[in-house]
Amino acid sequence: MRIALASSMLACGIAAQVAAQSMNDVQSVAKERGLTTADLLAAAKTYVPSGQKDEYIIFSSGGHSGQVFVIGVPSMRLLRSIAVFTPEPWQGWGYGVGNEILAEGNVNGKANLWGDTHHPAISETKGDYDGEFLFVNDKINARVAVIDLRDFETKQIVKNPLTVSDHGGAFVTPNTEYVIEGGQYATPFGADYAPISEYREKFRGSVTMWKFDRIKGRIDKSQSFAMELPPYWQDLSDAGKLVSDGYMFLNSLNSEMATGGIENKQPPFEAGVSRNATDYLHIINWKKAEAVFKAGKVDKIKGFPVIRMQTAIDEGLIYLTPEPRSPHGVDVAPKGDFMVVSGKLDPHVTVYSFDKIKKAIANRTYSGSDEYGLPILDFDAVVEAQVEVGLGPLHTQFGPDGYAYTSLFLDSAVARWTLGGEYGKGTPEPDWTLVHKTPVHYNIGHLGAAEGDTVSPDGKYLVAFNKWSVDRFFPPGPLLPQNFQLLDISHQGADMPVIYDMPIGVGEPHYAQMIKADKLHPWTVYPEIGWDPATQTLDPMAPKPKMERVERTGDGVNVYSTLVRSHFTPEHVTVKQGDHVTWRLTNIERAVDATHGFAVPQYNINLSLEPGETATIEFVADVPGTFPFYCSEFCSALHLEMMGYLMVEPK
Amino acid sequence: MVMSRIIGPRVAPGELSRHGLRYGAPGFLFLLARVLILVSLFLPYWHMALVAPQYPDNLHLTAHVNALSGDVAEIDGLNHYIGMRSLHEAAQIERRVGVYVLILFVVLLEIAAWIHNRWAALLALPAVTFPGVFLLDLHLWMSHFGQNLDPHAPLSSSIDPFVPPILGTGVVGQFKTVATPGIGLMLSAAASLVIIVALFFHRRAYRPLVIAARSD
């Protein structure tokens, strides 16, 4: 009762205070700071007061930071970076937690402690984001990571045994049956050596279908397979959906099979790769390919099942069709009926009709075949429309109402244009026409609309992932941040202003996906005390209160520790030089945000243990001495006192 | 003979049918009180909210007759700083036997309804006093815990022994404590009132019979 009274008095107080402010105050601040009405409107659209939460969440790749960023929309506040391929001490990633998962990404036994994350993919059910898992590729070493969206932590890294680099991943099929990983730069499979003069014979492209086991939350390598492709530098991919479910589409940029060699007076790659007017869009029936794989019509290469090109031709799994040269995106429209391809060097977007593709396949409307015997569908038989949108079109996303949005790298703009067909009546403008271009700052790469690549796009917000920021922010030295610009796309026609600029000073994002926040159900504490996030189960060996101990076994020492505000138990841990130490630690807190760290000097150890989490670290106590360990996360008023001594007795 | 002295005079069948309300009212009210008490067993008796800035949803403690629930682990964790013992160490016997004791009180009430002399009041007394005893017990445990802090605790020197009020608001450290009765306790208190009213009608109905029996 008293609380209710007190809070209603407080509410009255705030109301009175707010009433004392007026639009005059707003105007005087605007005048003082030089803000226009448009600026004030943008601020009103994006400002999220303290305590209120964002409507959408962006999962953005971190580029060569090797991480994934989680950002709120419309506030454009960075909520978290998720360590994936790169060690990251705040999360303890690689410094005591996640070491085994990072090691899954070792290549030939060698650690590769960074990644180049490009394309995150949220898991889908019936072609719509379900918010359960996130996949992201690593272009430099052709790896795919699985992130569990219950705790936003990386659970698995798979290294592709065939391709060295990847760019056509991660994309998921409509029910996340498979995670698609298209290779990029052609090499002999498994990075074997071959002279570049044998490029056409020995170098190959590939696309790998990683089977996802949703119950286990892991990619099942034993049910996964790959397809051999010509060495055309396959680029981005996308899975068909609804009417085109069962198919997938890949771009390629080096159908010339140029091999570079500027130092030998050969055309450099940038010229050689762009010589032909067209490259090849790859159209693959993955459901049929799955059946061919299950029928055993595969070769084992590097221990991995691969459908050979000749098998793919014989079984009718793959078709090519010309596409404007050096394309970047191939994006499937919400109903699955159109595939939109942007050739970087052509001012048009080219729209293919899946209906026409099916007819052309059925009628064998080929214009020929490539030198590997892959049938090429006649371009005119499969194209639906070409829309001139501007210079340097790269990627396309979709709105709910029949608009498509394409990023224009050279124009530094986002183009809004109308789809035709069944989408046509959603927009007041004629079908297949450019509606408006909003300048962005600068050199936009990908773009991401709210759920803009699903079967039911939300519209409302679109983010331009700009590569350069040039003059937009205070320059923090010569390495400038990227610029994520938020556009309001909730109105039709030419009304789609930029309403926020967010500098990204922690990586170089490529693609990002935007999901409605209420589709995500993350834990705020782990379900039970003693939870091992690496397995997402209760660890029976996890230390529990009153069971803390230091026990010696032969030449090893097992330590069982608990952490709670504001002490470790035990606080004295004495071992002998040369001991193999296995140290298990459990954060026994149940309060939200009561995270503890465990940092050991000179031993390169730092854990982040969230409430309930348990972790195990192993090291050889090779350096004798006295090492004060402590909690590295400011946890409580007596945080500085949360420490202990590791004493390593000299031999 | 002894039995009839204990259970008091019986009502003649004719009298009972003529004055059904007079003799039925106390029995009905005893029944109502029994139902209230039995229902209260399933409902919280007491609630405390601990209000502090870093807990936007507050910390909560809820006491049933047989259980203490809510953010017990977190509150224990905070209390260790000031050297307070774990809340689960408090009132262990009371929580273990509370339900059986209340059922016993209900049985006593049942018997009381059949006894037509002053012994009925004695049998009803435990149920009448139960809400008060509950609060008194709670208070005694709170003062015991609040005033016997471990002198070696991290913050023992920065807090004086305290007794948070068992109803109403108090202050402990950065926490405001807000204690409120639960629905169970309210039902139990209502049962006490009902019993007192029942005893009034009981006396009005049966006292004349007792006096008459004595003068025989």
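The rules behind each value
- Residues numbered from 1 in each chain as written.
- Chains lettered and ligands numbered in written order.
- Predicted model: local features only at pLDDT ≥ 70, side-chain atom pairs only at ≥ 80, totals over all residues.
- Heavy atoms only, no water.
- Helix = DSSP H or I, 4+ residues; strand = E, 2+ residues; numbered from the N terminus.
- Rg over C-alpha atoms; globule rule 2.2 N^0.38 Å.
- Buried < 20%, exposed > 50% of the residue type's maximum accessible area, 1.4 Å probe, protein only.
- Contact = heavy atoms within 4.5 Å.
- Areas by Shrake-Rupley, 256 points an atom, 1.4 Å probe, with all protein chains shown as cover.
- Lys, Arg positive; Asp, Glu negative; His and termini not counted.
- Charge placed at Lys NZ, Arg CZ, Asp CG, Glu CD.
- Domains from an automatic or database assignment.
- Buried area = accessible area lost by both parts, 1.4 Å probe.
- Salt bridge = Lys/Arg side-chain N within 4 Å of Asp/Glu carboxyl O.
- Polar contact = N/O pair within 3.5 Å; in protein donor to acceptor, adjacent residues only side chain to side chain.
- Nonpolar A, V, L, I, M, F, W, Y, C, P; charged D, E, K, R; others polar.
- Pairing = 2+ DSSP bridges.
- Axes fitted to C-alpha atoms, helices over the stretch in contact; angles between N-to-C directions.
- 1 Å grid on protein atoms, 1.4 Å probe; cavity = no way out; pocket = protein on both sides within 12 Å on 5 of 7 lines; lining within 4 Å.
- Points joined across faces, edges and corners; volume = space filled by probe spheres on them.
- Core = buried A, V, L, I, M, F, W, Y, C linked by side-chain atoms within 4.5 Å.
- Expected span 1.5 Å × (residues − 1).
- Bend = angle between axes of the 7 residues up to and from the residue.
- Phe/Tyr/Trp six-rings, centres within 6.5 Å; stacked < 30°, edge-to-face > 60°.
- Lys NZ or Arg CZ within 6 Å of the ring centre and 35° of its normal.
- pLDDT = per-residue confidence, 0-100.
- Parallel < 35°, antiparallel > 145°, perpendicular 65-115°, else oblique.
- Left-handed = near helix turned anticlockwise from the far one by under 90°.

**Some remarks on the overall build of chain B**
- What chain B contains, in helices and strands, is seven helices and five strands.
- Listing each helix as α and each strand as β along chain B from the N terminus yields α-α-α-β-β-β-α-α-α-β-β-α.
- For chain B, the C-alpha radius of gyration of 23 Å lies well beyond 17 Å, the compact-globule estimate for 216 residues.
- Dimensions of chain B, computed from the C-alpha atoms along their principal axes, are close to 75 × 30 × 25 Å.
- For chain B, the proportion of its 216 residues judged to be buried stands at 43%.
- In chain B, once contacts between residues fewer than 6 apart in sequence are set aside, the share between residues at least 24 apart is 67%.
- Accessible surface computed for chain B: about 11800 Å², of which carbon and sulfur atoms make up 69%.
- Averaging the coordinates of the 14 positive side-chain charges in chain B and doing the same for the 12 negative ones gives two points 23 Å apart.

**Let's talk about the domain arrangement of chain A**
All names here are of chain A.
- By the assigned domains, chain A splits into domain 1 (56-519) and domain 2 (531-649).
- For domain 1 versus domain 2, the separation of C-alpha centres amounts to 42 Å.
- With 14 residues of domain 1 at the interface, the matching set in domain 2 holds 15 residues.
- Interface area, domain 1 with domain 2, both sides summed: about 1000 Å², of which 40% is carbon and sulfur.
- Inspection of the region where domain 1 meets domain 2 yields zero salt bridges.
- At the boundary of domain 1 and domain 2, one finds five residue pairs in polar contact (both at pLDDT 80 or more).
- When grouped by side-chain class, the residues that make up the side of domain 1 that touches domain 2 number five nonpolar, three polar and six charged.

**Focus: the sheet that holds strand β3 (residues 68-70) of chain B**
Residues and elements named next belong to chain B.
- Spatial strand order, β3-β2-β1-β5-β4: five strands in an open sheet with antiparallel pairing. Taken across any chain shown, the strands that pair with only one partner, and hence form the sheet edges, are β3 and β4 (168-172). On average, each strand axis in the sheet is inclined to that of its neighbour by 20 degrees, with strand direction left out of account.
- Relative to strand β2 (residues 55-63), strand β1 (residues 46-52) is paired through six bridges, and the arrangement is antiparallel. For leucine 50, the partnering residue across the bridge sits in β2 and is leucine 59.
- Those strands touched by helix α4 (residues 72-82) are β1, β2, β3 and β5 (175-181), and its axis lies near 105 degrees from that of β2.

**So, the layout of surface pockets**
- There is about 710 Å³ of room inside the second largest pocket.
- Lining of the second largest pocket is provided by 25 residues; of these, Val564 and Ile588 of chain A together with Ala73, Asp76 and Gly77 of chain B occupy positions nearest its centre.
- For the lining of the second largest pocket, the secondary structure elements donating two or more residues are β36 (556-564) and β37 (567-569) of chain A together with α4 of chain B.
- The biggest single contributor to the lining of the second largest pocket is α4 of chain B, with six residues.

**Focus on the interface of chain A and chain B**
- In this complex, chain A contributes nine residues to the contact, which on the side of chain B involves eleven residues.
- Between chain A and chain B, roughly 770 Å² of surface is buried when both sides are summed, and carbon and sulfur atoms account for 60% of that area.
- Here chain A is connected to chain B by one salt bridge.
- Note that arginine 565 of chain A is salt-bridged to glutamate 74 of chain B, the shortest N-O span being 2.6 Å.
- Across the chain A-chain B interface, the total number found is five residue pairs in polar contact (both at pLDDT 80 or more).
- A per-class count over the side of chain A that touches chain B returns three nonpolar, three polar and three charged.

**A look at the pairing of strand β17 (residues 318-324) of chain A**
Residues and elements named next belong to chain A.
- Burial of β17 is extensive: seven of the seven residues sit out of reach of the surface.
- Strand direction decides the pairing type here: strand β14 (residues 278-285) and β17, joined by seven bridges, are antiparallel. Bridging from a neighbouring strand, leucine 281 pairs with threonine 321 of β17.

**Some remarks on the nonpolar core**
- One finds Phe30, Trp46, Leu102, Leu109, Phe134 and Ile195 of chain B to be the most contacted residues of the largest nonpolar core, which totals 49 residues.
- Residues contacting tryptophan 46 of chain B, with those up to four places away along its chain left out, are Leu61, Thr62, Ala63, Phe134, Leu138, Met142, Ile166, Leu167, Ala179, Thr180, Pro181 and Gly182 of chain B.
- Judged by nonpolar contacts, the second largest core, of 37 residues, contains Ile180, Ala194, Ala258 and Val273 of chain A.

**As for the sheet that holds strand β16 (residues 304-307) of chain A**
Residues and elements named next belong to chain A.
- Taken in spatial order, the six strands make up an open sheet running β8-β9-β10-β11-β16-β15, and their pairing is mixed. Lying at the two open borders of the sheet, with one neighbouring strand each, are β8 (171-172) and β15 (299-301).
- When β15 meets β16, the two strands line up antiparallel, connected through three bridges. By the bridge assignment for β16, isoleucine 301 is matched with phenylalanine 304.
- Along the sheet, helix α7 (residues 286-294) makes contact with β9 (178-182), β10 (205-213), β11 (218-229) and β16, crossing β11 at roughly 105 degrees.

**Description of helix α5 (residues 92-114) of chain B**
Residue and element names in this part refer to chain B.
- Taking 1.5 Å as the rise per residue, α5 with 23 residues should run 33 Å; its terminal C-alpha atoms sit 34 Å apart, in good agreement.
- Most pronounced at glycine 98, the bend in α5 amounts to some 50 degrees.
- Of the positions making up α5, those classed as buried are Arg95, Gly98, Val99, Leu102, Phe105, Val106, Leu108, Leu109, Ala112 and Ala113.
- On its buried side, α5 packs onto α3 (20-40), β3, α6 (119-147) and α7 (183-215).

**Observations regarding the environment of glycine 190 of chain A**
Residue and element names in this part refer to chain A.
- Along the chain, glycine 190 falls in the loop between β9 and α5 (199-202).
- Taking C-alpha positions, glycine 190 is 8.4 Å from asparagine 160, a pair spaced 30 residues apart along the chain.
- Those residues within four positions of glycine 190 in sequence are excluded, and the remaining contacts are Pro161, Leu162 and Lys302.

**Focus on the packing of aromatic side chains**
All names here are of chain A.
- Considering all chains together, one arrives at 39 aromatic pairs over all chains under this definition.
- The interplanar angle of 45 degrees and the centroid separation of 5.3 Å between the aromatic rings of tryptophan 233 and phenylalanine 269 together place this pair among those described as tilted. Highlighted residues: tryptophan 233 in the loop between β11 and β12 (234-239) and phenylalanine 269 in helix α6 (residues 269-272), separated in sequence by 36 residues.
- When its relative accessible area of 10% is taken as the criterion, tryptophan 233 is described as buried.
- Accessibility expressed as a relative area gives 35% for phenylalanine 269, which makes it partly exposed.
- By the ring-pair criterion, three or more aromatic residues cluster together here, those being Tyr178, Phe225, Trp286 and Phe293.
- In this structure, lysine 211 packs its charged tip against the face of tyrosine 178, placed 4.9 Å from the ring centre.
- Positioned above the aromatic ring of tyrosine 560, the side-chain terminus of arginine 549 is 3.8 Å from the ring centre.

**Concerning the pairing of β11 of chain A**
Residue and element names in this part refer to chain A.
- The pairing of β10 with β11 spans eight bridges and is classified as antiparallel. Looking at the pairing, threonine 208 lines up with alanine 226 of β11.
- Adjacent in sequence and paired antiparallel, β10 and β11 are bridged by four residues, among which glycine 217 carries a positive phi angle near 70 degrees.
- Sheet analysis places β11 next to β16, joined by two bridges and oriented parallel. Residue pairing for β16: methionine 227 is matched across the bridge by isoleucine 307.

**Quick look at the confidence of the model for chain A**
- Of all residues in chain A, 97% have pLDDT values of 70 or greater, and the mean over the chain is 95.
- A low-confidence stretch, residues 1-13 of chain A stays under pLDDT 50, and its non-local contacts, those more than four residues away or across chains, total four contacts.

**Quick word on the environment of serine 60 of chain A**
Residue and element names in this part refer to chain A.
- As for its placement among the helices and strands, serine 60 is situated in strand β1 (residues 56-61).
- Between the alpha carbons of serine 60 and isoleucine 283 there is a distance of 27 Å; along the sequence they are 223 residues apart.
- The residues contacting serine 60, other than those within four sequence positions of it, are Gln67, Val68, Phe69, Ile71, Pro120, Phe484, Pro509, Tyr511 and Ala512.

**Let's talk about the packing of α5 of chain B against α6 of chain B**
Residue and element names in this part refer to chain B.
- Closest axis-to-axis distance for the α5/α6 pair is 7 Å, and the angle between their directions is 160 degrees. The pairing of α5 with α6 is recorded here as roughly antiparallel in orientation. You can see that α5 and α6 cross each other, and the crossing is left-handed. Contact with α5, carried on its side by Glu94, Leu102, Phe105, Leu108, Leu109, Ile111 and Ala112, involves Ala120, Leu123, Ala124, Pro126, Ala127, Phe130, Asp137 and Trp141 of α6 and no other residues of that element.

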